[in-house]
Amino acid sequence: MSDQPLLNVRGVSKFYGSRVGCMDVSFDLWPGEVLAIVGESGSGKTTLLNCLATRLMPTTGCVQYRMRGGNLRDLYQMSDAERRFLMRTDWGFVHQNPADGLRMTVSAGANVGERLMAVGNRHYGNIRTTASDWLERVEIAQDRIDDQPRAFSGGMRQRLQIARNLVTSPRLVFMDEPTGGLDVSVQARLLDLVRGLVSDLGLAVIVVTHDLAVARLLSHRMMVMKGGKVIEQGLTDRVLDDPREPYTQLLVSSILQV
Amino acid sequence: MYVAVKGGETAIANAHQLLADRRRGNRELPAIAIEQIVEQLALSVDRVMAEASLYDRSLAALAVKQSRGDLIEAIFLLRAYRTTLPRFGTSEPIDTARMQIERRVSATYKDLPGGQLLGPTFDYTHRLLDPDLLHDTPVEAPAGRTDADEPVMRVSEILAGEGLIEADGELPADHVAGDLTREPMEFPMTRDLRLQALARGDEGFLLALGYSTQRGYGRTHPFVGEIRIGLVDIELDVPELGFAVSLGEILVTECQMVNQFKGSAKASPQFTRGYGLVFGQSERKAMSMSLVDRALRTQEFGEDVVAPAQDEEFVISHCDNVQATGFVEHLKLPHYVDFQAELDLVRRMRAKHAQPHDHQEAAE
Amino acid sequence: MTALADYNFAYLDEQTKRMIRRAILKAIAIPGYQVPFASREMPMPYGWGTGGVQVTASILGPHDVLKVIDQGADDTTNAVSIRAFFQKVANVAVTTKTSEATIIQTRHRIPEETLGVNQVLVYQVPIPEPLRFLEPRETETRQMHALEEYGLMHVKLYEDIARHGRIATTYAYPVKVAGRYVMDPSPTPKFDNPKMNQSAALQLFGAGREKRIYAVPPYTDVVSLDFEDHPFEVQTFEKPCALCGARHVYLDEVVLDDKGGRMFVCSDTDFCETRREEGHRGEMLGDIKEAAE
C-alpha cells in the first residue's frame, strides 16, 4: 500500500428532504485496500456508495480522488465529461443485478470490449484477444465469447460484469451487494474469484454488503452503519472478533460464524 | 344545465332531432347525394370499407353522410350493419399477381418487368391549395394504358428466384382461415388472424406504430418491395358446380415490405417480409400495416421484444378504433356512484392529513 | 377566398430563410454537429426531402443553377418533382449536368464527378442521429455527443465482425468529422463515403421532420469508422456499367425479365450519359472501346 490515500472522504451527508440518507461520513481509502460497508437494509450504506461513486450528489461534504498523475481532485467539482471519463477508465461499478451493469443484447466479447473501445482501442483482433483472456480469468469458457449474457446463468453474468469493469485496469471499484442475487454455492466461488483478482491487480475496493461473511472474506477494513451514520469502524478482524458497539455485537452474534 | 334527471327520453329525442338538423345544415343548399360521396370522397369511402371490413361503396358512403363525415363513427355504423349479414361462403384467396393494376411502385428496383406505374397518387403533387377546385372547373381525361390486362410479376418473386427472401408462409393443409368477428380473440394469435386485426385496425394508430419502428423503437430495416393498387377477382368455389365462379371485382391495395434479417442459428441470412392488404386505395394504411406485421414477427425471428410495435397484445388490443372510441368516450357516461365513493375517501384522507404529525419517519 | 397569395422567392419567407441561414452558419462552424432549427411545414410530405428543400430554398439565389438528383438520377420522380418546385417558386435555371450546377440537392447519392469549390451539395436526411438505432432517446444521444462517448458505436461494429466476419453496414455508414463529431452521412451507400473527405464543395445536410441541420465545410476530414485490422472498404462491382462501360462507379441493378435476367448500369445518370456522349459503350450497347480496358 502506498503512503498517500487514494480517496479522502470528509463529512459526506445526504438528506432526502428532512429524512437522512447518510450523515457526516469521513474516512480515507488507500490504494489496494478493500473497505466493506455493512449494515441492515435502510442503514444508508447504498446511499453512501452512490455518493462516493458520484451517482448521487451529496447534500454536503467533499470527496477527493488521487488521479493517476498524483494530483487530488474534488469529485463534485469535476465536469460531467471528466467524471464520466473517470468512470469508464479508472473506476468500476459492479451492480447487484448484473443486468444493470451489462448490455444484455450484445455478446460477452463486446461487453468486455466496450470500455477498451470507449478509450480509443481500434484493433478488433487485440480487443477480442483481451476480451477472451478476461473471460478465462473470470472462469467463463472462451467459446462463449459470442453469446449474449441472456444465455448465461446468474453467476456467469456476475463474473462477466466483473470482467467488463476490470478490463481497463481501474484503480478503484465500487461493488453493491455483488453476491446478493446468487445462491450460496455460487456466492462462495464468486467471492474466491473476486478475492484473487483484487489481490493480483492491487485494486482498491469499496464493497457494500449486508452479509458479514462477504466482509470477512474480502475486506481489510470495515465500517458499520446504522440510521445513516457510521457507528463503528476498524480492521475487519478486529470489528468482527471484538465488536465494541452493542449494535455491532448484535449483528455479529446474529449470524453464523465463518 | 346538465342535471342528472330521470326520464331523459325527451332530452334524447330532442338531441337526435338537433343532430338531424345539423347534419342537413343550410336547407338552401342541395343535400349531398350518396353517388357524390362515392365519386368525390372516394378515399373516405375506402377507409370506411377497410376498417369496417365490408366492401360496399354505397353503404359506406351512406355511413359517411349519416356520420356527418366523422369516419370512425361511419366505420362504427357500417360494422354494426355488417354484424347482421349472413355468411354464404368463403371466397377463394384473391390472386394479386393477376391484379388489373392501376398503380404499382417498387422502391427496391429502379426498373423492373411490368414497370413502375404511378397511377392516381398525391405523391409529387405540391401541397399548394388549388383555387380551381373552388369551382367546378372542367378536368381533362387522363392518359390511358394499352397493356392493362397483362399480369405483372411481384417483386417478391424476383427475390424468391435467388432464394433471397423468405417464402410465403405455410399453413397446415386443414387450416381454416379464422374470423376475428365470429370467434373470441386469443393470444398469441396466428398470423392470419393477426393480419385480419391489422387490416381493420385504425389507420392512425398503425401509422404511428409503423413510424415508431422507423425511429428506432423496434427497427426492421424496411424497403418497399412493392405497392400495387388495382382490381382483383373474387371467386367462390361452389361445390355443386365443381368449379369457382366469379362474383365480381374489388379494389385493393397491397404492400410487400422487404426487411433485412441477419440470420440466426437456425436460418441463413435472407430478406423477410411484412405484409399489408386493405380494401380500396389506401397506401398509408397498407404500408403501416406491413411495417407493424413485420414488427410483430419479432419473436418468430428470435429477436427481442423491446418496443411497443413488437408487442402483439399491446398492438392488437388497441388497434381497433371502434373499441377504442367506445371505451374512451364511455367516460362521459354517468359514474356518480363510483365517484361518490372516491369523494368520501379523499375527504377522509384530507381530514387525516390536516392533523399535525408529531413523529418523524426513521431513516432508510 | 379567391386567389391565393403570391409566394416569396424560393417559397420561404425571408425571416425563415435568415433563421435557417443562421443554423447553417452554426453547422459550418461546428462540423458534424446537429444544429436544431425551427423546421417549417412544407408543401411536400415529411420524409420526402423537406429538410433539403428548406436548406436549398435558404441558400438559393436568382443566379444559381440547380440540379436535383434522387438515387443518383435526375429523372426519378421525386427529383423531377423537387426540381419543378424550385422552377415554379424561384424560377431558377436548372440543369442535369453536374459540372454546370452551383447547388445540387441529393437524396441517397453523391455524384461520381468530383465537385468543386463553387458548388454546394445539399443532402436530404431522414434520421440525422447516427446513434439513434443504438439509443432511441434524444436526451441520451445529445449527452453522448457532448461527452464524445462513442464506444457504443464501435460495439455495434464489433458485433458485426464477430457475427458476420465483416462490418455489415452498407449505407448510412457512420463517419467522424474533423476528429470530433460522429455523423450520419444520410442513407448514401458507403461507396460514396470517401467522396466526402476533403471535398472542395460545401456539404449541407437538412432533416426537416427531425428539425436538424448539419454541415461539412470544404476541405474537412471525414473518416469512416472502422477497426485497424478491419479497415473500411467500399462496395465493388464485378462488371462495368452495361451502358457506358464505366468501372469504379456505383451501379443499379435492373431486372430485365422474369427469368432472372438483369443488368447493372450507372446510378449517376448524368455521368453515364456524358460518357456515352464521349463515345464510351458498355456491353448492352455493343462494347466497342471498353473491350480493351
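Residues numbered from 1 in each chain as written. Chains lettered and ligands numbered in written order. Predicted model: local features only at pLDDT ≥ 70, side-chain atom pairs only at ≥ 80, totals over all residues. Heavy atoms only, no water.

**Comments concerning the overall build of chain B**
Here is step 1: Counting secondary structure elements, chain B contains 12 helices and 4 strands.
Here is step 2: The C-alpha extent of chain B, read off along each of the three principal axes, is 85 × 70 × 55 Å.
Here is step 3: Split into buried and exposed, the 364 residues of chain B put 35% on the buried side.
Here is step 4: Put simply, of all contacts in chain B between residues at least 6 apart along the chain, 65% involve residues at least 24 apart.
Here is step 5: Accessible surface for chain B amounts to roughly 22700 Å². Of this, 57% is attributable to carbon and sulfur atoms.
Here is step 6: Side-chain charges of chain B comprise 38 positive and 57 negative groups, with the mean position of each set lying 6 Å from the other. (Helix = DSSP H or I, 4+ residues; strand = E, 2+ residues; numbered from the N terminus. Buried < 20%, exposed > 50% of the residue type's maximum accessible area, 1.4 Å probe, protein only. Contact = heavy atoms within 4.5 Å. Areas by Shrake-Rupley, 256 points an atom, 1.4 Å probe, with all protein chains shown as cover. Lys, Arg positive; Asp, Glu negative; His and termini not counted. Charge placed at Lys NZ, Arg CZ, Asp CG, Glu CD.)

**Details of the overall build of chain C**
Here is step 1: For chain C, the helix and strand inventory stands at 7 helices and 12 strands.
Here is step 2: Against the compact-globule benchmark of 19 Å for 293 residues, chain C has a radius of gyration of 20 Å, which places it among compact chains.
Here is step 3: In terms of overall dimensions, chain C has C-alpha extents of about 60 × 55 × 40 Å along its principal axes.
Here is step 4: By residue count, 56% of the 293 residues in chain C fall in the buried class.
Here is step 5: When contacts within chain C are restricted to residue pairs at least 6 apart in sequence, those whose partners lie at least 24 apart make up 62%.
Here is step 6: By element, 52% of the accessible surface of chain C is carried by carbon and sulfur atoms, the whole surface being about 12500 Å².
Here is step 7: Put simply, chain C has 33 plus and 41 minus side-chain charges, and the middle of one group is 5 Å from the middle of the other. (Rg over C-alpha atoms; globule rule 2.2 N^0.38 Å.)

**Observations regarding the sheet that holds strand β3 (residues 243-259) of chain B**
Residue and element names in this part refer to chain B.
Here is step 1: Strand order in the open sheet made by the 4 strands is β1-β2-β3-β4, with antiparallel pairing throughout. Since the sheet does not close on itself, it has two edges, and those belong to β1 (100-105) and β4 (272-279), each with one partner. When the angles between neighbouring strand axes are averaged without regard to direction, this sheet yields 25°.
Here is step 2: The sheet strands contacting helix α9 (residues 283-295) are β1, β2 (222-238), β3 and β4, and the helix crosses β4 at an angle near 145°. (Pairing = 2+ DSSP bridges. Axes fitted to C-alpha atoms, helices over the stretch in contact; angles between N-to-C directions.)

**A look at the interface of chain B and chain C**
Here is step 1: Across the contact, 29 residues belong to chain B and 39 residues belong to chain C.
Here is step 2: Among the residues chain B hides against chain C, the three largest losses belong to K110(B), Y124(B) and H126(B). Together they make up 23% of the total.
Here is step 3: Taken together, the connections running from chain B to chain C amount to 7 residue pairs in polar contact (both at pLDDT 80 or more).
Here is step 4: Considered class by class, the residues forming the side of chain B that touches chain C number 14 nonpolar, 6 polar and 9 charged. (Buried area = accessible area lost by both parts, 1.4 Å probe. Polar contact = N/O pair within 3.5 Å; in protein donor to acceptor, adjacent residues only side chain to side chain. Nonpolar A, V, L, I, M, F, W, Y, C, P; charged D, E, K, R; others polar.)

**Quick notes on the packing of aromatic side chains**
Here is step 1: A complete count under the given rule lists 16 aromatic pairs over all chains for this structure.
Here is step 2: Measuring from centroid to centroid gives 5.9 Å for Y124(A) and F227(C), while their planes differ by 65°, and the two rings are edge-to-face. Here F227(C) lies in the loop between β10 (222-224) and β11 (251-255) and Y124(A) lies in helix α5 (residues 124-137), a pairing that spans two chains. Here Y124(A) matches F227(C) in class, with each residue buried.
Here is step 3: For K226(A), the ring lying beneath its charged end belongs to Y247(A), and the centroid distance is 5.4 Å.
Here is step 4: Here R219(B) stacks its cationic end above the ring of F133(C), 3.3 Å away from the centre of that ring. (Phe/Tyr/Trp six-rings, centres within 6.5 Å; stacked < 30°, edge-to-face > 60°. Lys NZ or Arg CZ within 6 Å of the ring centre and 35° of its normal.)

**A look at the pattern of salt bridges**
Here is step 1: If you walk through the whole model with that rule in mind, you get 61 salt bridges over all chains.
Here is step 2: In this structure, the salt-bridge partner of D192(A) is R195(A), at a minimum N-O distance of 3.7 Å. With D192(A) and R195(A) both in helix α7 (residues 184-201), this residue pair falls 3 residues apart, about one helical turn.
Here is step 3: Using a relative accessible area of 39% as the deciding quantity, one classes R195(A) as partly exposed.
Here is step 4: As a salt-bridge pair, D21(B) and R27(B) come within 2.9 Å of each other at their nearest N and O atoms.
Here is step 5: The exposure class of D21(B) is partly exposed, given its relative accessible area of 28%. (Salt bridge = Lys/Arg side-chain N within 4 Å of Asp/Glu carboxyl O.)

**Concerning the confidence of the model for chain C**
Here is step 1: Here chain C shows a mean pLDDT of 91. Residues at 70 or above account for 96%.
Here is step 2: At the level of chain-chain contacts, confidence expressed as ipTM amounts to 0.86, with global pTM at 0.80. (pLDDT = per-residue confidence, 0-100.)

**Here's the deal with a nonpolar patch on the surface**
Here is step 1: A cluster of nonpolar side chains, namely L345(B), V346(B) and M349(B), defines an oily patch on the protein surface of about 260 Å² accessible area.
Here is step 2: By the element assignment, M349(B) lies in helix α12 (residues 336-354). (Patch = residues over 30% accessible without salt bridge, like charges linked within 9 Å, V, L, I, M, F, W, Y side chains within 5 Å.)

**As for the confidence of the model for chain B**
Here is step 1: Mean pLDDT over chain B stands at 88; residues scoring 70 or higher make up 94%.
Here is step 2: Per-residue pLDDT stays below 50 along residues 359-364 of chain B; that stretch engages in 14 contacts with residues further than four places along the chain or on separate chains.

**Here's the deal with the state of the cysteines**
In protein structure, a disulfide is the covalent linkage between the sulfur atoms of two cysteines.
Here is step 1: By the definition in use, this model includes 0 disulfides over all chains.
Here is step 2: Sulfur of C319(B): no disulfide; nearest cysteine sulfur belongs to C255(B) and is 17 Å away.
Here is step 3: Residue C319(B) is classed as buried on the basis of its relative accessible area of 2%.
Here is step 4: Of all cysteine sulfurs in the structure, the one in C266(C) sits closest to C241(C), which takes part in no disulfide; the separation is 3.7 Å. (Disulfide = S-S within 2.5 Å.)

**Here we look at the domain arrangement of chain B**
All names here are of chain B.
Here is step 1: Each assigned domain of chain B is listed here: domain 1 (9-82) and domain 2 (96-121 + 149-170 + 177-325).
Here is step 2: Taking the mean C-alpha position of each, domain 1 and domain 2 sit 29 Å from one another.
Here is step 3: Contacts between the two partners involve 16 residues from domain 1, matched on the other side by 18 residues from domain 2.
Here is step 4: Carbon and sulfur atoms make up 55% of the area that domain 1 and domain 2 hide from each other, which totals about 1400 Å². (Domains from an automatic or database assignment.)

**Observations concerning the sheet that holds strand β4 (residues 60-66) of chain A**
Paired through backbone hydrogen bonds, the strands of a sheet run either parallel or antiparallel to each other.
Residues and elements named next belong to chain A.
Here is step 1: What the 4 strands build is an open sheet, ordered β2-β1-β4-β5; its pairing is antiparallel. Two strands in the sheet have a free side with no partner beyond their single neighbour: β2 (19-29) and β5 (72-74). For this sheet, the mean angle separating the axes of adjacent strands, direction not counted, is 20°.
Here is step 2: Here β4 pairs with β5 via 3 bridges, running antiparallel. Note on β5: the bridge partner recorded for Q64 is D74.
Here is step 3: Of the strands in this sheet, β1 (7-16), β2 and β4 touch helix α1 (residues 45-52), which is tilted by about 125° from β1.

**Regarding the pairing of strand β7 (residues 172-176) of chain A**
Residues and elements named next belong to chain A.
Here is step 1: Of all 5 residues in β7, 5 are buried, a share of seventy percent or more.
Here is step 2: Of the two faces of β7, the one lined by L172, F174 and D176 and the one lined by V173 and M175 are each fully buried.
Here is step 3: Alignment of strand β6 (residues 91-94) against β7, held across 4 bridges, turns out to be parallel. Residue pairing in the sheet places W91 in a bridge with L172 of β7.
Here is step 4: By the bridge criterion, 5 bridges tie β7 to strand β8 (residues 204-209) in an arrangement that is parallel. Paired with M175 across the two strands is V207, which belongs to β8.
Here is step 5: Assessed by its sense of winding, the connection that carries the chain from β7 through α7 to β8 is right-handed. (Right-handed = clockwise from strand over helix to strand, strands pointing away.)

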